[in-house]
Amino acid sequence: MTTRNEIELIQPDDWHLHLRDGPELAAVVGFSARIFGRAIVMPNLRPPVTTTEQALAYRDRIRAALPSDSRFQPLMTLYLTDRTAPEEIERAKASGAVFACKLYPAGATTHADQGVTDIWRLQPVFEAMRAVEMPLLIHGEVVDPQVDIFDRESAFIEQVLRPLIKRVPGLKIVLEHVTTAEAVNAVRSGPETLAATITAHHLLYNRNAMLAGGIRPHFYCLPVLKRERHRLVLIEAVTSGDPRFFLGTDSAPHSRRAKEMACGCAGIFTAHAALELYAEVFEQAGALDRLEGFASRHGPDFYGLPRNLGRVCLRKEPWTVPSIYEFGDDRLIPLRANETIAWHSALCSPNRC
Ligand SMILES: NC(=O)N[C@@H](CC(=O)O)C(=O)O
Ligand SMILES: [Zn+2]
Ligand SMILES: [Zn+2]
């Protein structure tokens, strides 16, 4: 059923999520667990989650922070470093808890300082991943300071992604949080084993949101917001029905203090309204009927996992986003703080909708 004021979907998953740890984890995990069936949990803690043992312990901490009646499933990932061994991939797969490995070029983003310095030296690791059909998730930006920050994703595609696809054919790769026309084209023209996640914020905003009329740190994330022409290509990609584009919020909470400073952290918190923000994009594009594929079918199909059995309802029920949320010993400023959001989502009870 698809009407203008109410739609029902298979329960979605979030294929790129930062949950942090400790009191910060406790403060944010409920937002995702409220609506998503599963989430691919990013491993960029301090210290990073580099072993299966650490991933299992982190999963326990996430589960312990969930509301007691929650059925939310955290799908764990490993953070690749220069020292990751192929045997670790086998352990990860055998655990049944680790669903992917994350490649951060060293220094590319928040907590990426222990990331990979020479990706070609990880060839045996990539081959081990291919053998067990474990996807490689990539923060696709070069770190060369000579490359303009707005060009770092397209440079990565030419310098790293294309050669990688040739060197390890058959390896499942997800280019995370794509932001440019070049990335969309690379996925479209790439093999079936290449997919991409797209965030709500890159679909809703261009770089003016961050820089015009004053510098707005709560719109600063990596990869940075791009020009309008790129945003339009991203919208076209998610509403096209192409199964290689799927939902990954990259909801990345940082304390207000860490965002509002001379050298503020990269990351936008969207988990409080994730599905609602995507619904806004699809509605504006006249493509609400394509939201279910993007949010609930393409991701599990790519990962080789079953689609969720539950369902969610999205209704036009405007609500106002709070100005702040509690976040450990500080506060968190959510995207659209103090603004109204048109859609509201909830898990369907069997007799409603
Ligand atoms: N997206 C961001 O701007 N930040 C993320 C890291 C990442 O996904 O690159 C974070 O962990 O804060
Ligand atoms: Zn990233
Ligand atoms: Zn991220």
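Treat the numbers as computed from the prediction; the structure is a model and nothing was measured.

Thresholds applied
- Residues numbered from 1 in each chain as written.
- Chains lettered and ligands numbered in written order.
- Predicted model: local features only at pLDDT ≥ 70, side-chain atom pairs only at ≥ 80, totals over all residues.
- Heavy atoms only, no water.
- Donors = N, O, S within 2.8 Å, 3.2 Å for Na, K, Ca; no water.
- Tetrahedral: all angles 85-135°; square planar, octahedral: opposite > 155°, others 65-115°.
- Helix = DSSP H or I, 4+ residues; strand = E, 2+ residues; numbered from the N terminus.
- Buried < 20%, exposed > 50% of the residue type's maximum accessible area, 1.4 Å probe, protein only.
- Pairing = 2+ DSSP bridges.
- Axes fitted to C-alpha atoms, helices over the stretch in contact; angles between N-to-C directions.
- Contact = heavy atoms within 4.5 Å.
- Near = heavy atom within 4 Å.
- Polar contact = N/O pair within 3.5 Å; in protein donor to acceptor, adjacent residues only side chain to side chain.
- Areas by Shrake-Rupley, 256 points an atom, 1.4 Å probe, with all protein chains shown as cover.
- 1 Å grid on protein atoms, 1.4 Å probe; cavity = no way out; pocket = protein on both sides within 12 Å on 5 of 7 lines; lining within 4 Å.
- Sits in = over half its atoms within 2 Å of the grid points.
- Nonpolar A, V, L, I, M, F, W, Y, C, P; charged D, E, K, R; others polar.
- Disulfide = S-S within 2.5 Å.

Caption draft 1: Spatial organisation of the coordination of the zinc ion (ligand 2). Taken together, H139 (ND1) and H177 (NE2) make up the protein donors of the zinc ion (ligand 2), found 2.0 to 2.1 Å from the metal. For the zinc ion (ligand 2), the four donor atoms in the first shell make angles of 54 to 147° at the metal, so the coordination geometry reads as irregular. Between the zinc ion (ligand 2) and the zinc ion (ligand 3) the interatomic distance comes to 3.8 Å. With H139 in the loop between β6 (136-138) and α5 (152-167) and H177 in the loop between β7 (173-175) and α6 (181-189), the pair connects residues that are 38 residues apart, well separated along the chain. Neither residue differs from the other here; H139 and H177 are each classed as buried.

Caption draft 2: Local environment of the sheet that holds strand β5 (residues 98-103). Pairing in this open sheet of eight strands is parallel, and the strands run β2-β3-β4-β5-β6-β7-β8-β9 from one edge to the other. A single partner strand is all that each edge strand has here, and the edge strands are β2 (14-17) and β9 (245-247). Neighbouring strand axes in the sheet, compared pairwise and without regard to direction, differ in orientation by 30° on average. Relative to strand β8 (residues 194-198), β7 is paired through three bridges, and the arrangement is parallel. Note that in β8 the partner of V174 across the bridge is A195.

Caption draft 3: Structural context of the packing of helix α11 (residues 274-284) against helix α12 (residues 291-303). As a packed pair, α11 and α12 sit with axes 9 Å apart at the nearest point and diverge in direction by 145°. Residues L275, Y278, A279 and F282 of α11 touch α12, and the partners they reach there are L291, F294 and A295.

Caption draft 4: Region of the structure containing the site of ligand 1. Looking at ligand 1, there are 15 residues lining it, with N44, T109, L222, D250 and H254 nearest. Here T110 contributes a side-chain N or O atom positioned 3.2 Å from an oxygen atom of ligand 1. Between ligand 1 and D250 there is a distance of 2.7 Å, counted from a nitrogen atom to a side-chain nitrogen or oxygen. Relative to its unbound accessible area of 320 Å², ligand 1 is 100% covered by the protein chains. When each cavity is represented as a set of grid points, ligand 1 is found to reside in the largest cavity. For the shell around ligand 1, a count of residues per class yields four nonpolar, nine polar and two charged.

Caption draft 5: Just the environment of E53, in detail. By the secondary structure assignment, E53 is in helix α2 (residues 52-65). Between the C-alpha atom of E53 and that of E88, which follows or precedes it by 35 residues, the distance is 9.9 Å.

Caption draft 6: Representation of the state of the cysteines in the model. Taken as a whole and judged by the stated rule, the model has one disulfide. With a sulfur-sulfur separation of 2.5 Å, C313 is cross-linked through a disulfide to C348. Disulfide C313 to C348: torsion about the S-S bond roughly 130°, handedness right-handed. With a gap of 35 residues between them, C313 in strand β10 (residues 311-320) and C348 in the segment after β13 (340-347) connect regions that are remote in the sequence. Assigned by exposure class, C313 and C348 land together as buried. C265 provides the cysteine sulfur closest to C221, a residue in no disulfide bond, and the two sulfurs are 13 Å apart. With no disulfide of its own, C265 lies 7.6 Å from the sulfur of C263, the closest cysteine sulfur.

By themselves these figures say nothing about function.
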